[in-house]
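# Coordinate analysis (summary)
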Protein chains: 2
Amino acid sequence: MKKQRLFTPGPTMVPEDVLLEMARPQQHHRTAEFREMFKEVTELLGYLFQTKGTCLTLTGSGTAAGEAAIVSCCPPGKGHKVLCCHGGKFGERWAEICAAFDIPHAKYDFEWGSGAKPDVIDKMLAEDKDIDTLTVVHSETCSSSLSDIEAISKVAKKHGAMLIVDGITAVGAIPVKVDEWGIDVYFTGSQKALMLPPGLAFLAVSDAAWTRIDAGSGHQYYNNLKKFRKSLANNDTPYTPNNQLIRGLQSVLRRIREEGLESIWFHTSLNARATRAAIAAMDLQLFAADPVDSVTGIVLPEGVDEPVLRKTMRQKFGMQIAGGQGHIKGKVVRISHMGYCDSFDTLSVISALELVLHAQGHKLTLGAGLAAAQTVFAESYEKM
Amino acid sequence: MKKQRLFTPGPTMVPEDVLLEMARPQQHHRTAEFREMFKEVTELLGYLFQTKGTCLTLTGSGTAAGEAAIVSCCPPGKGHKVLCCHGGKFGERWAEICAAFDIPHAKYDFEWGSGAKPDVIDKMLAEDKDIDTLTVVHSETCSSSLSDIEAISKVAKKHGAMLIVDGITAVGAIPVKVDEWGIDVYFTGSQKALMLPPGLAFLAVSDAAWTRIDAGSGHQYYNNLKKFRKSLANNDTPYTPNNQLIRGLQSVLRRIREEGLESIWFHTSLNARATRAAIAAMDLQLFAADPVDSVTGIVLPEGVDEPVLRKTMRQKFGMQIAGGQGHIKGKVVRISHMGYCDSFDTLSVISALELVLHAQGHKLTLGAGLAAAQTVFAESYEKM
């Protein structure tokens, strides 16, 4: 009677009550009921992003939100230039979007596993006065690494640059304080810490960003943020929204509001710390030099066959974990701690990983990883 | 984002696809579709019980099936006398039914935690020639103990006594071979290893039992097995069946047929063995002298507050385990291994128990229970 457990860093497991909510009969979206729901959801997104700015909901994935942010904030003919900071595939995507829309841009290409360094950004902004916009990934999913957005925002402010942050695997998992940190545009998708299927993207847009956006128009129609802002005045969307997911979102955001972000951040961090302790106890290496709490990247030891390991985890134990991407494909596996994944799920995936590695010949003390994780839990028992 | 996990020895966790099956629109039961489904379910029950005898489905709980079996097999005025073997609350129930229906009976009252001993039964049957019927509990849920039904059946045969077995927490969890062992009537309920909500009861009735049943009529109407047999000839039921649960049952029995009983018995046993290894590693005592693999009873150490322990398990970790019943209430907790509960669920409940006991001041090495369980899993890795 095998169970299925999903530990990929998106999509993540969807809570049963949210699945049931989304299984309710389809409703039309041009109704007072939809607008009431959308109003509530928009207010709750303000809590999620910790902002009094505009919160927009797009029907699309996180990439749609990133494109909307960059193209909207850099209208042509206004002399904008973007510094795209990347140490992983998702960061690279924002540079690809600049290229696709002919937006002048430079690249800060740093090592996978590290976060973007504020002092390097400071230097690059000082050296190229044309740069007035930054794209930074808060949690780089592919390299399981964290950038210090609070510190980077201070550097951006110092140089008068606008800061656009990809928070796709950050918001709802690790601390994100859009207003307090002074972030201009922050965006995410539905299928990560928001515990929903893919299909929705969300942006928090500051007043400063709107000033830029209102100054011109880029090559965009569907992802035109001005249209979304206009519809939002009537608690509505410019195009047909995925209202099934919005209903699920209402359920998820109420849950998040009820539990409280501080508690969610704590539990995500607890499970990440337990996993890192388990990895050390299993004589494995962490991939990231600056590890993020939403996803853990593990370097596989010599002789362990990554495709066989993941296939075994899935077929034998019903557990899906992610492999590496790009140049670390085959060398790294990644485990998510986001959303509807509790400490006992975390123990389960540690156990399965230990069993498969042991069977593949990696030398470890059976149960050592579990015991290390259990000790981390016991240390935080009162807050669990 | 707390999850709920159910480890009570019934009801047990229901698989998601079975829940979905039961969420389909209600159908009427006097239809060809129902009869086709009921025919399939009845055939699959034959596989479950390992019998070519008659398999009946009652809308009621396990107690209804026990009453139906005893009262049907001991029609008044035929000189029947029952030996009720009990070492726990559920065994006692069958004596209470004899009393309620004025059926002559004797009692073999043995220690909780032990199984019924074939040699004692042999002696009692030899000493009281009036006894021609035995009631025995295969897996006594309240004392987490096992009786050797195969051996007891041989003793019953030797004395020409009919054997009625309560297999409520046995069938679908531990080996049950109704025909091979020569059991006359064997019964169970839906909410244990069959992974369904409560509400259905099932009986396997042998030809020898039918001869007895046909010899007279007891004080029964709703639970009259002859009516059920008559309707079954038309793949139907005499009274309105719980057809939502029968639909769920079809889904569950197909799953069991597909996985195979041998595999299910192995996994239930594996999780029970892992739990017993964990208990030993946590310096805890097993309650049962003859432990059964479907449920594990654990004696709590001095100073551990059982209601607080279970309340904490539930409120803090979302896990429901059972307390003790009768004279062991407050002294014992019980954890189920039946049905939709895999090895990682088993690790989860061991982890939570370890954490709560540790917090309550019981001296243990954190993770020792988990490591002991993990070692049991690793030893059976190939068959997991």
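Thresholds, definitions, all that
- Per chain, the residues get numbers from 1 upward, laid out in the order the sequence is written.
- Throughout, the order in which chains and ligands are written sets their labels, letters from A for the former and numbers from 1 for the latter.
- Whole-chain, interface and lining totals are the exception, using all residues; otherwise, since this is a predicted model, local features are given only for residues with pLDDT of at least 70 and side-chain atom pairs are given and counted only at 80 or more.
- Labels follow the DSSP assignment, with helices taken as runs of H or I lasting at least four residues and strands as runs of E lasting at least two, numbered in each case from the N terminus.
- By the convention adopted here, residues make contact when the C-beta atoms placed from their backbones lie within 7 Å.
- Confidence of the predictor at the level of single residues is given by pLDDT, which spans 0 to 100.
- Residue polarity follows a fixed list, in which Ala, Val, Leu, Ile, Met, Phe, Trp, Tyr, Cys and Pro are nonpolar, Asp, Glu, Lys and Arg are charged, and the others, Gly among them, are polar.
- Exposed residues have 12 or fewer other C-beta atoms within 10 Å of their own C-beta, buried residues have 20 or more, and partly exposed residues fall in between, where C-beta atoms are placed from the backbone.
- One requirement defines pairing of two strands: DSSP has to find at least two bridges between them.
- With axes taken as lines fitted to C-alpha atoms, and helix axes fitted only over the stretch in contact, angles between N-to-C directions fall between 0 and 180 degrees.
- Copies overlap after least-squares fitting; the atoms used are the C-alpha atoms of residues with pLDDT of at least 70 in both.

## Quick notes on the overall build of chain A
- Each helix and strand counted, chain A has 14 helices and 15 strands in total.
- Intrachain contacts of chain A at a sequence separation of at least 6 include 75% that bridge at least 24 residues.

## Side note on the confidence of the model for chain A
- When pLDDT is averaged along chain A, the result is 97; 100% of the residues meet or exceed 70.
- Quick note on the complex model: pTM equals 0.94, ipTM equals 0.90.

## Examining the interface of chain B and chain A
- Contacts between the two partners involve 26 residues from chain B, matched on the other side by 27 residues from chain A.
- Looking at the side of chain B that touches chain A, the elements that each hand over two or more residues are α13 (343-359) and α14 (368-379) of chain B.
- If you tally residues by element for the side of chain B that touches chain A, the top one is α13 of chain B, at eight residues.
- Broken down by class, the residue content of the side of chain B that touches chain A amounts to 14 nonpolar, seven polar and five charged.

## Some details on the environment of His29 of chain B
Residues and elements named next belong to chain B.
- Mapped onto the elements, His29 comes out in the loop between α1 (16-22) and α2 (32-49).
- For His29, a count of 17 C-beta atoms within 10 Å gives the class partly exposed.
- With 215 residues separating them in the primary sequence, His29 and Gln244 have C-alpha atoms 9.8 Å apart.
- With sequence-adjacent residues up to four places away left out, His29 is seen in contact with Phe34, Thr240, Pro241 and Asn243.

## Examining the pairing of strand β5 (residues 133-137) of chain B
Residues and elements named next belong to chain B.
- Among the five residues of β5, five are classified as buried, and the element is accordingly described as predominantly covered.
- Burial of the side chains of β5 extends over both faces: Thr133, Thr135 and Val137 are buried on one face and Leu134 and Val136 on the other.
- Alignment of β5 against strand β8 (residues 162-166), held across five bridges, turns out to be parallel. Counterpart to Thr133 in the pairing with β8 is Met162.

## A few points about the sheet that holds strand β12 (residues 295-299) of chain A
Residue and element names in this part refer to chain A.
- What the four strands build is an open sheet, ordered β11-β12-β15-β14; its pairing is antiparallel. With partners counted over all chains shown, the strands left at the sheet margins are β11 (285-286) and β14 (322-323), one partner each.
- Here β14 runs beside strand β15 (residues 332-336); their pairing, made up of two bridges, is antiparallel. What sits directly across from Gly323, in β15, is Val333.
- Sheet strands touched by helix α11 (residues 261-281): β11, β12 and β15. Its angle to β12, the strand with the most contacts, is close to 10°.

## Some words on the relation of the copies chain B and chain A
- Note on the identical chains: chain B maps onto chain A by a rotation of 180° and an axial translation of 0.0 Å, with an RMSD of 0.0 Å. Taken together, the rotation and translation describe the operation of a two-fold axis.
- Of the interface residues in chain B, 100% have counterparts in chain A that sit at the interface too, so the contact is made through matching surfaces.

## Overview of the environment of Thr54 of chain B
Residues and elements named next belong to chain B.
- Along the polypeptide, Thr54 turns up in strand β2 (residues 54-59).
- The sequence separation of Thr54 and Asp207 amounts to 153 residues, and the corresponding C-alpha distance is 8.1 Å.
- Other than its neighbours up to four places away in sequence, Thr54 contacts Val205, Arg229 and Leu232.

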